[in-house]
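Chain by chain, the residues:
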Amino acid sequence: MQNTIFITGASSGLGKAAAKHFHDQGWTVIATMRRPEEEKDLVQLSNVKLYALDVTDEQQINACISEILRMYDVDVVLNNAGYGLIGPLEAFSTEQIQQQIQTNLLGVIHISRAFTPYFRERNFGTFINVTSTFGLLGYPLCTLYNATKFAVDGFSESLAYELAQFNIKVKVVAPGGMKTDFAGRSLQGVVHNSYDRLAAIVSEGYSEEQIVNYTPAEEVAAIIFGAATDGSGRLRYVAGKDANTLYNERLELSPEGQFGKMRPLFM
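Residues numbered from 1 in each chain as written. Predicted model: local features only at pLDDT ≥ 70, side-chain atom pairs only at ≥ 80, totals over all residues. Heavy atoms only, no water.

S.K.: Where do I start with the overall build of the protein chain in this structure?
M.R.: Within the protein chain, the secondary structure is distributed over ten helices and eleven strands. For 267 residues, the compact-globule estimate of 2.2 N^0.38 gives 18 Å, and the protein chain sits close to it at 18 Å. Out of the 267 residues in the protein chain, the part that is buried amounts to 47%. Long-range contacts, defined as pairs at least 24 residues apart, comprise 70% of the intrachain contacts of the protein chain with a sequence gap of at least 6. (Helix = DSSP H or I, 4+ residues; strand = E, 2+ residues; numbered from the N terminus. Rg over C-alpha atoms; globule rule 2.2 N^0.38 Å. Buried < 20%, exposed > 50% of the residue type's maximum accessible area, 1.4 Å probe, protein only. Contact = heavy atoms within 4.5 Å.)

Shown next as structure tokens:
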């Protein structure tokens, strides 16, 4: 029997890489995005089905998932849609704050809630939620992004306990830097003169010299596939050399120890 995965944010970056990877492994892929009529690559793949979905629109979420579940048996839900909002907290507008939370956190919550009764009745299913290294440790000028990704991590751990009795797995994939267009299409920044020095330090991590060392999205997509198919009860999959280095340091030093080591770098 052919397995099926539902993916949000499949128009670019990791979402598109995951859609292609699962397709290549023989899965049926339900690839959702805000404007599927503009998609040029995935539309050419026979087992990839495109659907319009804005994860900030709860009504559209429920209608889309209801339609899909009438037509497909979904085995895995990949909550991937999201973007980064970078800058000092005091520079953000209320609208920017709300949009970041609605996209990165509430979208995951609403989609998970919509699929849960279906998985529960089947006594089977897997949620895979994409977070970030910055869902495991804090970083300057990433307050809102950190907030949403930490929240998705905590949400996922709690939900994993809640749904274990129904043979439903919940997993988190936390990538570090990736060679995608995240910095172009999915990274939004605001500036404030009082933080110019800090912004200069942080921006070094997004330089061309650093990006070339990031993990290809295809490698992270393969890790997602492994999480979907390894049959384990493992919760977190840290993806990428930089992500593993930082996370292992956190485990070794403790969160407080790592904070004490990193804080002087930004003072």
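S.K.: What exactly am I supposed to notice about the packing of helix 9 (residues 241-253) against helix 10 (residues 255-262) here?
M.R.: How two helices pack is summed up by the angle between their axes together with the distance between the axes. In contact at an axis separation of 6 Å, helix 9 and helix 10 are set at 115° when each is read in the N-to-C sense. Between helix 9 and helix 10, the interaxial angle falls into the category roughly perpendicular. Regarding helix 9 and helix 10, the two cross each other, and that crossing is right-handed. Taking contact as the criterion, the partners of L246, E249, R250 and L253 in helix 9 are, on helix 10, P255, G257, Q258 and K261. A breakdown of the residues in the contact of helix 9 with helix 10 according to their chemical character gives three nonpolar, two polar and three charged. (Axes fitted to C-alpha atoms, helices over the stretch in contact; angles between N-to-C directions. Parallel < 35°, antiparallel > 145°, perpendicular 65-115°, else oblique. Left-handed = near helix turned anticlockwise from the far one by under 90°. Nonpolar A, V, L, I, M, F, W, Y, C, P; charged D, E, K, R; others polar.)

S.K.: Would you take a moment to explain the sheet that holds strand 11 (residues 236-239) for this structure?
M.R.: Sheet strands line up and pair through hydrogen bonds in the backbone, either parallel or antiparallel. With parallel pairing, seven strands are arranged side by side in an open sheet as 3-2-1-4-6-7-11. Of all the strands in the sheet, just strand 3 (48-52) and strand 11 have a single pairing partner and so form its edges. Strand-to-strand twist of the sheet, defined as the mean angle between neighbouring strand axes without regard to direction, takes the value 20°. Where helix 9 meets the sheet, it contacts strand 7 (168-175) and strand 11, and its direction lies at approximately 125° from that of strand 11. (Pairing = 2+ DSSP bridges.)

S.K.: Just checking my understanding: could you explain helix 1 (residues 13-24) for this structure?
M.R.: Each α-helix turn comprises 3.6 residues. Residues three or four places apart therefore point the same way. For helix 1, built from twelve residues, the straight-helix expectation of 16 Å at 1.5 Å per residue is met to within 8% by its first-to-last C-alpha distance of 17 Å. With nine of twelve residues buried, helix 1 is to be regarded as a mostly interior element. By the burial criterion, the buried members of helix 1 are L14, G15, K16, A17, A18, A19, H21, F22 and H23. Once helix 1 finishes, G26 follows within two positions and takes phi at roughly 90°, a positive value. (Expected span 1.5 Å × (residues − 1).)

S.K.: What am I meant to see in the pattern of salt bridges here?
M.R.: A side chain with one charge may pair with a side chain of the opposite charge, provided their charged atoms come close. Inspection of the entire model under this criterion finds nine salt bridges. A salt bridge links E157 to R236; its shortest N-O distance comes to 2.6 Å. Taken together, the residues E157 in helix 4 (residues 143-163) and R236 in strand 11 connect sequence positions 79 residues apart. A relative accessible area of 27% means that E157 is categorised as partly exposed. Salt-bridge contacts for K261 lead to E249; the nearest nitrogen and oxygen are separated by 2.4 Å. One end of the pair, K261, is in helix 10; the other, E249, is in helix 9, and twelve residues separate them in sequence. (Salt bridge = Lys/Arg side-chain N within 4 Å of Asp/Glu carboxyl O.)

S.K.: Looking at this structure, I do not really get the packing of aromatic side chains. What am I missing?
M.R.: In this description, an aromatic ring pair is defined by two values, namely the gap between the centres and the angle between the planes. Across all of its chains, the model carries nine aromatic pairs by this definition. When the centroid spacing of 4.9 Å and the interplanar angle of 65° are considered together, the rings of F6 and F115 count as edge-to-face. Residue F6 is located in strand 1 (residues 4-7), and its partner F115 is located in helix 3 (residues 94-122); the two are separated by 109 residues in the primary sequence. Each ring, one from Y139 and one from F266, has its centre 5.4 Å from the other, and the planes form 80°; the classification is edge-to-face. Of the two residues, Y139 is situated in the loop between strand 6 (125-130) and helix 4 and F266 in the segment after helix 10; the sequence distance between them amounts to 127 residues. Following the ring pairs from residue to residue traces out a cluster consisting of F6, F115, Y118, F119 and F127. In this structure, R234 is placed above the aromatic ring of Y237, and the distance from its NZ or CZ to the ring centre is 4.1 Å. (Phe/Tyr/Trp six-rings, centres within 6.5 Å; stacked < 30°, edge-to-face > 60°. Lys NZ or Arg CZ within 6 Å of the ring centre and 35° of its normal.)

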